[in-house]
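Below are the chains, spelled out letter by letter.
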Amino acid sequence: MTDTEDPLVRSARREALIVLGVWLGVLCYTLGVAARWGYGRPLDDLTFVCGFPDWVFWGIVVPWVGCFVFSTWFALCYMSDVPLDADGSSAAGNEEPANG
Amino acid sequence: MAEHLPEAGWGVSVALVAMIVVSAWLGAVAQRVVERGSFLQGYFLGNRGLGVWTMALTATVQSGGTFMGFPSLVYSHGWAVALWIAAYMLVPLTGFTLLGKRFAQLSRRTSALTVPDLFRGRFESPVAGLVASLLIMFFLSFMMVAQFKAGAIVMKLAMPQFAGDSASLTLADDLPTAATGLGWAYYVGLGVFSVTVVGYTLFGGFLASVWTDLFQSVLMLLGVVILLALALPLAGGLEHATRAAVAQTGPEFALASGYGPAGHTFLPLGLAGSMFFVWIFGGAASPASMVRVMASKDTGTLRRSIVVLGGYNLLIYLPLLAICMAARVILPSVPPSNSDEIIPRMALATTAGLPGGSLVAGLILSAPFGAVMSTVSSYLVVIASGLVHDVYQRFLHPSANDRHLRNVTYGVMMAVGIVALVANLNPVQYLQALVVFCTSSGAAAFLVPAVMAAYWRRATAVGAIGAMLTGSGTVLGLSALGWWEKSLAASGWLAPVPPAGQVTSFHPYYLCGVEPVVWGLAMSAVTGVGLSLLTRPPAATTIERLFGPSCREA
């Protein structure tokens, strides 16, 4: 069955599954940090990292930067380019205003 | 305690007028590009030629909410909103990879100009297309109408005459005006906003929408960065601002549950987890986003867009959180009814003493204004394409020529703009609740059928229609239960759920403590898969055409 499948379908499905895995991982990590250190905590315990409450810094700021680094790698180094035009008719016109 | 807000000054108006002029100019340039080819393909899909910058900064989710609703939540509830928005770290990745490549390809293989077109072609079912079209127009209409009000409010705050009226400018005195939501400046703002956004969208269609969107996105970024640089030193740093906010409110302001009225938790863990569904799947499956990935020039554009949007979101959302924390020190007593105006007010307050401060304030103010304009414009295009292409051309006048369709499109767009303007002369009380409902329903309606269309050969039209209807129906049902929750709980029909979420007079029923969209997606998936398996598989030739290698195409 897969030998009759367009390479774009295969690569798109594989990439979507990986991204769903990343989504699940981030969800578990961020909610885990928040659940452990963000809820029902006495304020005297709270420390600040770079101005952020500690649970925000470790649970949200750090993974946010991590996600950006991962997304950049994934997009530029992992994802593959596949031709889009099934019928060979290419897109008409370039629309970027800056470069015509 | 009345807090004086500085005058908006003429510089603000100059900056906003300059922005309107540039937007109108982009609309005119776009119109010339549309003239080059077939009207509908050019007007509604930009001839499938979106490049990296336009794709990255316009295909997803910056909206009026980013600069109005979100800051208001941070100001009111505190750091919990960081958790509420945390899923945005994944939006660039998920928004372009879950459906991007396949939708760009399928839209070409089915010659689809719109999302309903794509469903119709993929499932070979006019009914699937019509159901999608009606749902999209229904949801987007409410969302667009709400954005008009936001645009009018920014224009109102930017008016020098309004700013000079000191009675309107003391925050405490502002309350009666805010309570009715009106005042002459509101109507002028509404008029200017409506004419501008409908005008440039009407002239240039989809391309005008994405180009102005790109221009406005860059302004937004500049506005946020400048505001951050001005606000943090004034507030004495982020930690100081947080401690001051905690002193004004309570310890929950710095915690994940969020500050709220007694007995009301802003963000219980279940709702925090739900937001990872709302933002991710709501973003990927929103009709305005799906149509933009369909217009992608090639897959390289989609890849690079992930990087650009990733950097952009990083520079927008975390700084906005910091700015709104700083607002707790700089503007400590903005009443809840005006907390939507935090960013415009911060722009005026932080630039008051600066040389040329009024122009800087104008630049910052153009961020929320631009966000609202770009959202309205993208919705306008999708709604008009639905009415003209999916309904008028498809069912009423299939043989209409380009010239005829152009006139119908212009007429439809003006009519939609007038309806939105009239609806905002006396804004609906529960509009914000409707917007939340529409976002959730949209995600629950379209995600599963879109994924099925893209990746599952066995998916059938009946499965897709069932998935759309049960997904949106589940969200509608739980929202309706929220409306009657108190009376149903009192009579023992429903287990009451502790008050949570945004403090509004209307909220849905959080079954098991999670957002309705999670249940909607689950129901949609079960129905879509179940009905597909129970109905006859799609024709092998169709599947071969849509899933097979491109060399087999004629």
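Everything numeric in this text was worked out from a predicted model, so none of it was measured. (Residues numbered from 1 in each chain as written. Chains lettered and ligands numbered in written order. Predicted model: local features only at pLDDT ≥ 70, side-chain atom pairs only at ≥ 80, totals over all residues. Heavy atoms only, no water.)

K.L.:
Sorry, what's going on with empty space enclosed by the protein here?
P.N.:
Over the atoms, a rolled probe matching the size of one water molecule traces out where space is still vacant. Residues and elements named next belong to chain B. All told, the structure shown has five cavities of 30 Å³ or more when counted by the stated rule. When its volume is computed, the largest cavity comes out at roughly 110 Å³. Lining the largest cavity are 16 residues, and of these Thr114, Val115, Pro116, Val382 and Ser385 sit closest to its centre. Top contributing element to the lining of the largest cavity by residue count: helix H20 (residues 357–396), with five residues. Grouping the amino acids of the lining of the largest cavity by side-chain chemistry returns 11 nonpolar, four polar and one charged. (1 Å grid on protein atoms, 1.4 Å probe; cavity = no way out; pocket = protein on both sides within 12 Å on 5 of 7 lines; lining within 4 Å. Points joined across faces, edges and corners; volume = space filled by probe spheres on them. Helix = DSSP H or I, 4+ residues; strand = E, 2+ residues; numbered from the N terminus. Nonpolar A, V, L, I, M, F, W, Y, C, P; charged D, E, K, R; others polar.)

K.L.:
What is the right way to read the pattern of salt bridges from this model?
P.N.:
Pairing between side chains of opposite charge can happen when their charged atoms approach one another. The full count for this structure, using the stated rule, is nine salt bridges over all chains. Two residues, Glu5 of chain A and Arg13 of chain A, come together in a salt bridge whose shortest N-O distance is 3.1 Å. In this structure, the salt-bridge partner of Arg394 of chain B is Asp117 of chain B, at a minimum N-O distance of 2.3 Å. Taken together, the residues Arg394 of chain B in helix H20 and Asp117 of chain B in helix H9 (residues 115–123) connect sequence positions 277 residues apart. (Salt bridge = Lys/Arg side-chain N within 4 Å of Asp/Glu carboxyl O.)

K.L.:
Whenever I open this one, the interface of chain A and chain B confuses me. Can you help?
P.N.:
Listed per partner, the contact involves 61 residues of chain A and 72 residues of chain B. Counting across the chain A and chain B interface gives four salt bridges. One salt bridge connects Asp6 of chain A with Arg109 of chain B, and the closest N-O pair in it is separated by 2.8 Å. Our count for the chain A to chain B interface comes out at 17 residue pairs in polar contact (both at pLDDT 80 or more). Residue assignment for the side of chain A that touches chain B shows that the elements contributing at least two residues are helix H1 (7–38), strand S2 (52–53) and helix H2 (54–78) of chain A. With 18 residues, H1 of chain A is the largest single contributor of residues to the side of chain A that touches chain B. Residue classes in the side of chain A that touches chain B are distributed as 41 nonpolar, 10 polar and 10 charged. (Contact = heavy atoms within 4.5 Å. Polar contact = N/O pair within 3.5 Å; in protein donor to acceptor, adjacent residues only side chain to side chain.)

K.L.:
Which parts of the structure should I look at to understand the packing of helix H19 (residues 342–351) of chain B against H20 of chain B?
P.N.:
Relative placement of two packed helices is described by the angle separating their axes and the distance separating the axes. Residues and elements named next belong to chain B. Relative orientation of the contacting elements H19 and H20 amounts to 165°, with a least axis distance of 9 Å. When the axes of H19 and H20 are compared, the pair comes out roughly antiparallel. Crossing angle aside, the handedness with which H19 passes H20 is right-handed. Residue-level contacts link Ile343, Pro344, Ala347, Leu348 and Thr351 of H19 to Gly357, Val360, Ala361, Ile364, Leu365 and Pro368 of H20. (Axes fitted to C-alpha atoms, helices over the stretch in contact; angles between N-to-C directions. Parallel < 35°, antiparallel > 145°, perpendicular 65-115°, else oblique. Left-handed = near helix turned anticlockwise from the far one by under 90°.)

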